Amino acid sequence: MRIRIVAATATAGALAVLAAVPAHATEYSSALKIRGVQYDAPGRDSNSCSTGNTRNEYLTIKNYSSRTTVNLKGYVVKDRAGHRFTFSHNHYLQPGDYVKLRGGHGTESDARNVAYRNNCNFIWNNDKDTIRLYKPSGAGADSHAYTRAANDRDRNGYITFHG
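Residues numbered from 1 in each chain as written. Predicted model: local features only at pLDDT ≥ 70, side-chain atom pairs only at ≥ 80, totals over all residues. Heavy atoms only, no water.

Peer 1: Describe the side chain of Ser65, listing the residues and the values that go with them.
Peer 2: One can find Ser65 in the loop between strand S2 (58-63) and strand S3 (70-71). Given the relative accessible area of 17%, Ser65 is considered buried. Within the structure, Ser65 has its side chain in polar contact with the backbone nitrogen of Thr68 (distance 2.8 Å). (Helix = DSSP H or I, 4+ residues; strand = E, 2+ residues; numbered from the N terminus. Buried < 20%, exposed > 50% of the residue type's maximum accessible area, 1.4 Å probe, protein only. Polar contact = N/O pair within 3.5 Å; in protein donor to acceptor, adjacent residues only side chain to side chain.)

Peer 1: Run through the sheet that holds strand S9 (residues 128-134), naming residues and quoting values.
Peer 2: Spatially, four strands are ordered S5-S4-S9-S10 in an open sheet, and the strand pairing comes out antiparallel. Single-partner strands in this sheet number two, and they are strand S5 (84-86) and strand S10 (140-147). Within this sheet the neighbouring strands show an average axis-to-axis angle of 10°, counted without direction. Across three bridges, strand S4 (residues 76-78) lies against S9 in antiparallel orientation. The partner of Val77 across the bridge, within S9, is Leu133. (Pairing = 2+ DSSP bridges. Axes fitted to C-alpha atoms, helices over the stretch in contact; angles between N-to-C directions.)

Peer 1: Give me the packing of aromatic side chains: which residues, what numbers.
Peer 2: Tallied over the entire structure, the rule returns three aromatic pairs. Between Tyr39 and Tyr146 the ring centres are 4.9 Å apart and the planes differ by 40°, which places this aromatic pair in the tilted class. With Tyr39 in the loop between strand S1 (32-38) and S2 and Tyr146 in strand S10, this residue pair connects regions lying 107 residues apart in the sequence. Taking relative accessible area as the criterion, Tyr39 reaches 0% and is therefore assigned buried. Among the residues examined, Tyr146 registers a relative accessible area of 2% and is labelled buried. Look at Phe85 and Phe87: their rings are 5.0 Å apart centre to centre, the planes differ by 85°, and that puts the pair in the edge-to-face class. The same class applies to Phe85 as to Phe87, namely buried. Directly above the aromatic system of Tyr58 lies the positively charged group of Lys100, at a separation of 4.5 Å from the ring centroid. (Phe/Tyr/Trp six-rings, centres within 6.5 Å; stacked < 30°, edge-to-face > 60°. Lys NZ or Arg CZ within 6 Å of the ring centre and 35° of its normal.)

Peer 1: Before we move on, can you summarise the nonpolar core with the specific residues and values?
Peer 2: The biggest cluster of nonpolar side chains holds 24 residues, and the ones touching the most others in it are Leu59, Val77, Phe87, Trp124 and Ile131. When near neighbours in sequence (up to four residues on either side) are disregarded, Ile131 contacts Ile34, Val37, Leu59, Val77, Lys78, Trp124, Asp142, Ser143, His144, Tyr146 and Phe161. (Core = buried A, V, L, I, M, F, W, Y, C linked by side-chain atoms within 4.5 Å. Contact = heavy atoms within 4.5 Å.)

Peer 1: Could you give an account of the environment of Thr51, with specific residues and numbers?
Peer 2: Among the secondary structure elements, Thr51 is positioned in the loop between S1 and S2. Overall, Thr51 belongs to the exposed group, its relative accessible area being 64%. Among the polar contacts made by the side chain of Thr51, one reaches the side chain of Ser48 at a distance of 3.2 Å.

This is how it looks when you write it as structure tokens:
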């Protein structure tokens, strides 16, 4: 009889713990994760294509798989306002590899781990924003909301989400 009572208590406790987990803590099942974001480019913000600093605003996406290579083609990055970037070229991330998605113009390069949004406007807000990464199927791969006050304690404009 005691075993049943203990089991019932443990089950009730587990349900209480599950009920306490907030919905935003749900983890997507994806090898690709947003490692971090330089949401506030160093210096005074200028979105001029020739002299601006949008290249210094970037998002780092990492392949956390230990065995699978992932092609970024078709993956989508969005902010809270709906600004979006779609990886339109093949860009292969080996296990443990990463890519920096930068503002400004340039050429995607597997060798240099870089992709460019080919847009000189900033995408991430300097005070708060939400970053979403979607798989080519439209399913969520990763999502993070941030505020400067809560997430960037050293005020350097960079936040790490996954180490």
